[in-house]
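# Architecture at a glance
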Amino acid sequence: MNVASKPALDQATLDDRRLAKVSARDVDVFYGAKQALKSVSIDIRPNEVTALIGPSGCGKSTFLRCLNRMNDLIESCRVAGSIWLDGEDIYTSGLDPVQLRARVGMVFQKPNPFPKTIYDNVAYGPRIHGLARSRAELDEIVMTSLEKAGLIDEVKDRLQEQGTGLSGGQQQRLCIARAIAVSPEVILMDEPCSALDPIATAKVEELIDELRQRFTIVIVTHSMQQAARVSQRTGFFHLGELVECGETEQIFTNPRHKLTQGYITGRFG
Amino acid sequence: MQLIALVATLLLLSAVGFHLGRRRAAARSAAADRRPHSLPVYYGSYVALWSGLPALVVLLGWLAFEPLVVRSLVVDSLPLVARELPPERLGLLMNDVRNLAAGVVTSRDVDPEMAAAAETYLRLKRLGAVAVAVLSLAAAIGGLGLALRRVRPDLRARNAVERLVERLLIGASTIAIFTTVGIVLSLLFESIRFFNAVPIHHFLFGLEWSPQTAIRSDQVGSSGAFGAVPLFAGTFLISLIAMAVAMPVGLLSAIYMAEYAPRRMRAIIKPLLEVLAGIPTVVYGFFAALTVAPFLRDAGTMLGLGVSSESALAAGVVMGIMIIPYVSSIADDVITAVPRSLREASLGLGATRSETIRQVVVPAALPGIVGGLLLAVSRAIGETMIVVMAAGMAANLTANPFETVTTVTVQIVTLLVGDQEFDSPKTLAAFALGLVLFLVTLALNVAALQVVKRFREQYD
C-alpha cells in the first residue's frame, strides 16, 4: 500500500485483510462499456455498521450489490478485482451465488414484501434453505425474527394477514425480519429508509443499531445525518471511486479529502 | 357518382364555413375591441360543424329510407292484383321492376304494367336524388348562415365544439354497441321461435342430437331430436384437450421467455410464437385433417387402439397448438409485470431462479395467468374451422378422445349451409345453439376480465 500517495484511504483497508468480514480489493465494475466502479478497495469490519455515502450515480449501490453478487442478474454487468467474505473469494467459479446470498442478506430501497401472509414472508427463506425441521421450529424462527426486527408487538395477532397490507415502515421492518430469518452474517441495506416517513425511519435506525450486535451491516444512504447516526465507519464515493473511508466521527468532523469536505458541508451532491 | 359530387360539395361548403367563421370572429372582435372567448380555429370549426353535420344527417337519413319510400310508392302505383300478392312474390316482382329499370334482363316477360312501374321507379329515383341534393345543400347553407350569425366575441365556440366532438365520439361507440345489441336480439328472437317448436328442456338436457326433420311423413332417418348435450359435451371435450396442450406449453414457454431467455433470444422467440396466432384457422384445419388425424389413427392402430380418422384428439391437439400464443403472450405479459423488486427480494434471500419463479413470480402473476387461460378457453370454444375439418359431424355422447365428436359451432355450420328454409326447427336450432354459445363465452370473458382487473389493481 502506498500510504504517501493516498493518505485519505489508509483507513479503508486493514493490513491483514483476513481480519475483515468483507474485504474488497481493486474492484472494477462495468455496465457494458461504461465503468461504474474504479479500483475500490475497502475492508468491512465485523459487527460494525459501515455507511456508504456519496452523490447519486457515484457507484455506492453498485458496490453494495457486488457484495452478494446481485449484479450477476444484470446481463451487461462485469465485475473485476476480488471480494472476500471471511477470507474466501466470492467471485471464484466454484462459489454458488445462491449460497452466498443466504450468508449475505439484503434489504432494498422500497419495501418489497411478497404478496403472501406476514408469516409466509418471514418463513420464506427458512423454508427454502430447510432451516426448520418441524412446524414448531419454523414458528420459533418466524417469531424470533419478527421480535429482532421490532415488529412482533404490532403483528403478533395478525400473522395470517397479507404482508402488503402493513404500513410502509412496518413493511420495511418485515423485510428486515425476512432477511434475518435466514441468519445471514452480513446484511446489506440499500437506502432502506428513503421511502419511509421520519417516525418509521427512526424505528428502523434504532433497529439497525441493535442488529449490529449480531450482524455486520453495510448501509447505503443518501442522508448524511443517517450515516452519522447509525454507522461506526463511513465510506465516501465519488464518480465510481472510494474517495475516503474512516471512522464516522472523523469523516464528519475532520474529513481529510477536499471532495469529502465539500460533500458533507453541502457544497455539492 | 352524383352522391360523390354531393358529398364533395358539402365538404367544400364546410371548408368555406371554417374560413368564414375564423375571419368573422377576428373581424367582430376587432370591431368590438374585445378578446374573443376562444381561439379563432374554434370559431371556424364551429361554423364548419354546423354546416356539415345537419347536411350529413339529411344525407344519411335519405340513404337509409329512400329505398323503402320509393318501394312503397311504386307498389302503390301497381295494379290491385299485384298489390295483393303474398310478400315473397311481391318482392320478386319488385326485383324485376328494379332490373327492368336498370336495363338488366328480367326473369319474366315484360308487360305494360311492369314497364309503367319501372318508369315510375326511375322517375321517383331521379326525383329523390334531386330532392336530397337540394335538401342537404339547403341544410348546409342554412346551418352555415345561422352559425356565422352567432359568431361573436362572447360566443363560447370552444365549449360548443368540444361538446359536438364528444357527441360524435359517443355516436361512434354506440355503433359498436348497437350492432352487438342487434346481434344478441336477433339470436334471442330466433331462439324463442325455436323454443316454441322444441321445448327448452329438451334442447338443454336432451341426449340425442339428430336435427333432420321430416318434411313428408313417409321420410325415414329424420327423427328431429334436438338434445344439445352431445354437442356441448363434444365442445367441452375438445376444449379440454386443447387446454391440456396449450396450458403447459404456453405457460412454460412464457416462463422461459420472461425469466430465462436472453434479450436477443426473446426478441426472436416471441414474434415467432405470435406468428402461430396469425395462421388462418382453415390452415390449421387441413393440417389437422390431413396430417395429424391420419398420424394419430396410424399410431393408434399400431398400439392396438381404435382411433377413428376424425377424432376429438386430432382436433383438440391442433386447436391447442393454435391457442398456445394466446396463453403464452398474456402469461408473458403478466409475468413481466411482476415487479423486479419481488424477484430481487427472493433471490437476495438465497432462493434459486426456479424457486423464485415457483414461489414468488407465478403466484403473484396467477390472477393474470388465469385470466389469459380463460380467454384462451373462450377462443377454443368458439373455434369452428379446425373442428369442422378434423373432428367430424357425428354427435356422439362420449368421453373417449379417439372417437368422432362434434361441437356446437360445427353443428351451426352444418345446419345453415346449403338451401334452407328459415322457419323449420332445424335452422332455428342454429340460433339457439349460437345463443347458448354466446352466453358461455360471454360469461368466460367477463370472468377473465374480472380476474385480470384484480391483478392490475394489486400492482398499480
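Residues numbered from 1 in each chain as written. Chains lettered and ligands numbered in written order. Predicted model: local features only at pLDDT ≥ 70, side-chain atom pairs only at ≥ 80, totals over all residues. Heavy atoms only, no water.

Let us now look at the interface of chain A and chain B. Opposite the 23 residues of chain A that make contact, chain B presents 21 residues. Of the roughly 1,700 Å² buried where chain A meets chain B, counting both sides, 61% is carbon and sulfur surface. Our count for the chain A to chain B interface comes out at one salt bridge. The salt bridge involving A:Arg65 is made with B:Glu344; its shortest N-O contact spans 2.9 Å. At the boundary of chain A with chain B, the tally comes to five residue pairs in polar contact (both at pLDDT 80 or more). (Contact = heavy atoms within 4.5 Å. Buried area = accessible area lost by both parts, 1.4 Å probe. Salt bridge = Lys/Arg side-chain N within 4 Å of Asp/Glu carboxyl O. Polar contact = N/O pair within 3.5 Å; in protein donor to acceptor, adjacent residues only side chain to side chain.)

A few words on the nonpolar core. One finds A:Phe63 and B:Leu433 to be the most contacted residues of the largest nonpolar core, which totals 110 residues. When sequence neighbours within four positions are dropped, the list of residues in contact with A:Phe63 reads A:Ala24, A:Leu37, A:Val40, A:Ile42, A:Leu52 and A:Phe237. Counting residues in each nonpolar core, the second largest holds 43 residues, with A:Ile141, A:Ile187, A:Ile208 and A:Ile217 among its members. (Core = buried A, V, L, I, M, F, W, Y, C linked by side-chain atoms within 4.5 Å. Buried < 20%, exposed > 50% of the residue type's maximum accessible area, 1.4 Å probe, protein only.)

Looking now at the sheet that holds strand S1 (residues 22–31) of chain A. Residues and elements named next belong to chain A. Spatial strand order, S2-S1-S4-S5: four strands in an open sheet with antiparallel pairing. Of all strands in the sheet, those with a lone pairing partner are strand S2 (34–44) and strand S5 (88–89), marking the two edges. Looking at chain direction, S1 and S2 are connected through seven bridges and run antiparallel. For Phe30, the partnering residue across the bridge sits in S2 and is Gln35. (Pairing = 2+ DSSP bridges. Helix = DSSP H or I, 4+ residues; strand = E, 2+ residues; numbered from the N terminus.)

With that settled, consider the environment of B:Ser329. All names here are of chain B. Looking at the secondary structure, you find Ser329 in helix H11 (residues 312–337). Residue Ser329 is classed as buried on the basis of its relative accessible area, which comes to 18%. Sequence spacing of Ser329 and Glu119 is 210 residues, and the spatial spacing of their C-alpha atoms is 61 Å.

On to the pattern of salt bridges. Residue and element names in this part refer to chain B. In total, this model carries 24 salt bridges over all chains according to the counting rule given. For Arg343, the salt bridge is made with Glu259, and the minimal N-O distance between the two is 2.8 Å. Placement of Arg343 in helix H12 (residues 340–348) and of Glu259 in helix H8 (residues 229–260) is noted, with a sequence separation of 84 residues between them. Relative accessible area serves as the criterion here: at 15%, Arg343 is assigned to the buried category. Between Asp332 and Arg266 there is a salt bridge, with its nearest N and O atoms 3.1 Å apart. Here the residue Asp332 occupies a position in helix H11, and Arg266 occupies one in helix H9 (residues 263–278), the gap between them amounting to 66 residues.

Before going further, it helps to spend a moment on the domain arrangement of chain B. Annotation of chain B at the domain level lists domain 1 (2–155) and domain 2 (225–459). Taken over C-alpha atoms, the centre of domain 1 of chain B sits 49 Å from the centre of domain 2 of chain B. (Domains from an automatic or database assignment.)

Looking now at the confidence of the model for chain A. Averaged over all residues, the pLDDT of chain A is 89; the fraction at 70 or higher stands at 96%. Under a pLDDT of 50 for its full length, residues 1–8 of chain A has, in the predicted model, nine contacts with residues more than four places off or in other chains. (pLDDT = per-residue confidence, 0-100.)

Here the focus is the pairing of strand S8 (residues 216–220) of chain A. Residues and elements named next belong to chain A. Of all five residues in S8, five are buried, a share of seventy percent or more. Residues Thr216, Val218 and Val220 point to one face of S8 and Ile217 and Ile219 to the other, with burial holding for every one of them. Both strand S3 (residues 49–53) and S8 contribute to a ladder of four bridges, which runs parallel. Considered in S8, the bridge of Leu52 is made with Val220. Bridging between strand S7 (residues 186–190) and S8 involves five bridges; their strand directions are parallel. Each bridged residue has a counterpart across the sheet, and for Met189 the counterpart in S8 is Ile219. For the handedness criterion, the β-α-β arrangement of S7, helix H7 (residues 198–211) and S8 is classed as right-handed. (Right-handed = clockwise from strand over helix to strand, strands pointing away.)

All names here are of chain A. Although it is not a glycine, Ser39 sits at a positive phi angle of roughly 45°. On the secondary structure map, Ser39 appears in strand S2. Residues other than glycine seldom take positive phi values, yet Asn47 does so here, at roughly 55°. Residue position: Asn47 is located in the loop between S2 and S3.

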